[in-house]
Amino acid sequence: MIGLIAATAAGQRGCERLAAAWPDRARVYDGPVREAVTVAFAECEQLVCFLATGAAVRLIAPLLADKATDPGVVCVDEAHRHAVALLGGHGGGANALAAAVSEVLGTAPVITTATDAVDAYGLDMLGLPVEGAIAAVSRAMLDGEPVAMRADAVWPLPALPPNVGEAGEAEIRVTDLVVPAGERTAVLRPASLVVGVGGSRGVAAEEVLGLVREALEGAGLSARSVAALATVEAKADEAGIVAAAERLNVPLLTYAAGTLAGIEVPNPSAAPLAAVGTPSVAEAAALAAAGQGGELVVQKRKSAMATAAVARRRPRGRLSVVGLGPGARDLLTPRAREELRRAAVVVGLDQYVDQIRDLLRPGTRILESGLGAEEERARSAVAEARAGYAVALIGSGDAGVYAMASPALAEASADIDVVGVPGVTAALAAAAILGAPLGHDHVSISLSDLHTPWEVIERRVRAAAESDLVVTFYNPRSRGRDWQLPKALAILGERRTPQTPVGVVHAASRPDERSEVTTLAALDVTTVDMVTVVTVGNTATREVAGRMVTPRGYRWQT
């Protein structure tokens with residue numbers, strides 16, 4: 001919950017705007033400010049105080065307890081010009097909150113955390129638990145000193161600064177192993193381990209936890225890398241096992257006895273087979289939770305009433321397929337921006353990379369290529385994800401519309417995580433410029449016959465004509481393809497009058513944008529090129545005050 005606190009009428013208006021923007025996660029605290037801050041500090045994960053920073057410091061100073069548990073605090077000035085991340089920039093999320101406040105109020109976020117100031121990820125912002133010499137290694141990263149990255153496996157981390165590489169006195173270890181503490185070593189703990197557990201009816205949580213700790217410590221494994229406990233469905237409500245997962249703060253995964261019985265394990269037993277229908281609970285559940293490529297690293301251990309085994313998951317790379325929109329920066333979605341910022345590798349057409357190069361974190365590896373290499377880019381992106389990296393494959397508009405999602409997903413298999421990030425399509429960007437041409441049923445058709453035979457394209461155009469659909473033509477005309485658009489328009493003209501409105505938008509949302517609303521009869525096809533979108537109305541589409549409008553029904557209101 002985000003607590004909202006104000007001392008003045010202007011601050012109260014700010015609270016109301018934030019509460020309206022975040023109805024499910026924000027609460028306004030009324031009453032005397034000191035009391036409101038005290039109560040909110042105890043109840044909320046984050047606070048937004050419409051106060052001077054000095055006043056806020058004096059109010060929260062007596063309440064501070066621990067960096068790991070104190071809420072993040074943001075201060076907003078009386079004129080709503082700045083949102084200052086005052087406390088808990090990373091751990092409390094105040095830096096991100098300052099940015100979120102600014103999105104709503106139009107303030108400028110003020111963030112003084114060193115890593116954020118140089119546009120780099122802090123070690124505590126990489127999405128993994130971190131321990132060791134965090135401050136010393138962070139300082140080395142900020143100072144440009146060589147920092148060694150030593151990982152047992154490649155995990156899909158965001159980009160790290162260019163000075164993080166193979167060598168350096170300061171080091172970052174990514175491992176689930178217990179390693180000696182070093183004065184200049186920070187350790188990131190990947191969620192790589194799953195612990196399979198079994199237990200007799202009535203087993204105590206302390207016994208389960210003790211056996212889990214024994215299994216981990218005996219193999220030199222860190223409990224901070226445990227991602228889940230796993231067991232057979234028959235033990236899903238076993239109080240001691242459920243409580244053990246809760247105290248470890250990890251989910252409890254359960255599997256059917258038949259599923260576990262089909263997993264080959266080194267130590268099957270008749271006892272669990274008779275009790276729950278599978279010859280193995282701990283080992284089989286650990287392997288089931290580890291998934292494809294998982295391996296058993298600690299075989300079954302037993303106590304009086306419990307069993308435990310540990311498996312290691314194979315890292316899964318992450319492929320994010322990102323639509324950049326039609327070109328204007330303000331039409332790039334926040335989600336797309338976030339995915340670009342968290343990627344370690346960006347793959348894309350060189351001209352699209354140029355559009356977003358300034359958004360990428362220092363150290364991001366860029367794989368760019370020219371026109372006509374879609375399949376190669378898709379293969380490269382998937383290969384990088386299979387190697388374990390966090391990859392963003394970019395395309396214009398929406399990546400799933402005549403863009404990179406199709407070749408990438410045709411290449412990808414189930415061994416990587418895939419995230420789709422929608423973008424504003426060229427058809428939608430053009431429609432917004434033209435008016436409301438897509439107010440009723442519509443279809444998009446590419447006139448490029450490089451990948452699709454013209455016979456197929458023509459059949460689709462005829463179907464659209466006969467169905468009276470509004471048609472948006474992508475890739476309408478190039479120097480080497482100058483007859484397809486006139487042919488397609490002629491086909492539509494067999495079913496529509498010469499006065500049917502046609503919208504033409506060149507380079508929608510870009511600096512050289514131009515547009516016009518004309519008719520089938522008057523359209524000059526020589527003004528159309530590959531960065532132009534042509535939208536042909538249906539029989540109900542009209543031009544109204546220079547805008548192209550298709551009504552939501554066929555009864556035109558006058």
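In case you missed it, the structure is sitting above this.
Since the model is a prediction, treat every value here as computed from it, not as a measurement.

**Thoughts on the sheet that holds strand β29 (residues 547–549)**
Line of reasoning, step 1. In spatial order, the strands read β22-β29-β28; together these 3 strands make up an open sheet with mixed pairing. Each having just a single partner strand, β22 (435–436) and β28 (542–544) make up the two edges of the open sheet.
Line of reasoning, step 2. Here β22 pairs with β29 via 2 bridges, running parallel. Considered in β29, the bridge of A436 is made with V549.

**Quick look at helix α8 (residues 239–248)**
Line of reasoning, step 1. Of the residues making up α8, those classed as buried are G240, I241, A244 and A245. Projection of α8 onto a plane perpendicular to its axis shows the buried side chains occupying an angular sector of 135°, all on one side. Exposed and facing more than 90 degrees away from the buried side of α8 are A239, E246 and R247.
Line of reasoning, step 2. Considering only its buried residues, α8 is in contact with β12 (193–199), α7 (205–218), β13 (226–232) and β14 (252–255).
Line of reasoning, step 3. Within two residues after α8, N249 carries a phi angle of roughly 60°, on the positive side.

**Considering the environment of G423**
Line of reasoning, step 1. Mapped onto the fold, G423 is located in the loop between β21 (417–421) and α16 (426–434).
Line of reasoning, step 2. Among the residues examined, G423 registers a relative accessible area of 14% and is labelled buried.
Line of reasoning, step 3. Considered as a pair, G423 and T333 are 90 residues apart in the sequence and their alpha carbons are 6.7 Å apart.
Line of reasoning, step 4. What G423 contacts, discounting residues up to four positions off in sequence, is G323, G397 and D398.

**Digging into the sheet that holds strand β20 (residues 390–395)**
Two strands in a sheet stick together by hydrogen bonds in their backbones, pointing the same way (parallel) or opposite ways (antiparallel).
Line of reasoning, step 1. The 5 strands lie next to each other as β19-β18-β20-β17-β21, forming an open sheet whose pairing is parallel. In this open sheet, the two strands that pair with only one neighbour each are β19 (365–369) and β21. In this sheet, adjacent strand axes meet at a mean angle of 15° when their direction is disregarded.
Line of reasoning, step 2. Relative to β19, strand β18 (residues 345–349) runs parallel, the two being bridged by 5 bridges. For G348, the partnering residue across the bridge sits in β19 and is E368.
Line of reasoning, step 3. Seen against the sheet, helix α12 (residues 334–342) touches β17 (318–323), β20 and β21 and runs at an angle of roughly 140° to β17.

Thresholds, definitions, all that
Residues numbered from 1 in each chain as written. Predicted model: local features only at pLDDT ≥ 70, side-chain atom pairs only at ≥ 80, totals over all residues. Heavy atoms only, no water. Pairing = 2+ DSSP bridges. Helix = DSSP H or I, 4+ residues; strand = E, 2+ residues; numbered from the N terminus. Buried < 20%, exposed > 50% of the residue type's maximum accessible area, 1.4 Å probe, protein only. Arc of directions from axis to C-beta. Contact = heavy atoms within 4.5 Å. Axes fitted to C-alpha atoms, helices over the stretch in contact; angles between N-to-C directions.

On their own, these measurements won't tell you what the molecule is for.
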